[in-house]
Amino acid sequence: MIKCSICGIIIDSFDDAVEEGWIPFFFEGDGEHGPACSSCSDKLICQSQDGNFELKEEYEGRIIYAEAMDVDGLFEEVDLGYILN
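Residues numbered from 1 in each chain as written. Predicted model: local features only at pLDDT ≥ 70, side-chain atom pairs only at ≥ 80, totals over all residues. Heavy atoms only, no water.

Engineer: I tried to follow the overall build of the protein on my own but got confused; where do I start?
Structural biologist: Looking only at helices and strands, the protein has 2 helices and 8 strands in total. The linear arrangement of helices and strands in the protein, starting from the amino end, is β-β-α-β-β-α-β-β-β-β. Every one of the 85 residues in the protein was classed for burial, and the buried ones make up 32%. Summed over its atoms, the accessible surface of the protein is roughly 5500 Å², and 48% of this surface lies on carbon and sulfur atoms. (Helix = DSSP H or I, 4+ residues; strand = E, 2+ residues; numbered from the N terminus. Buried < 20%, exposed > 50% of the residue type's maximum accessible area, 1.4 Å probe, protein only. Areas by Shrake-Rupley, 256 points an atom, 1.4 Å probe, with all protein chains shown as cover.)

Following this line, the structure appears as structure tokens:
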């Protein structure tokens, strides 16, 4: 199971995530976050000139990240949800 680090939606497998357009990680400044579902990616993330995915400038500092879940169902500790001001 994989959990979107922005909205918290869960998908059953890595293969399904790839097929549905999830991205494995993205940057907010120097901070690395992820994964991100295709819906959040489409709305909140862009690709930089160097090819990395990064949070769109207008959302920097406004996202509180959900708990990350890896493919083994193990959690990494981070915050939950996102803020739109």
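And the narrative resumes.
Engineer: So what exactly am I meant to see when it comes to the side chain of Ser-41 here?
Structural biologist: Counting through the fold element by element, Ser-41 comes out in helix 2 (residues 38-44). With residues up to four places along the chain from it excluded, the contact list for Ser-41 reads Ile-23 and Ala-36. (Contact = heavy atoms within 4.5 Å.)

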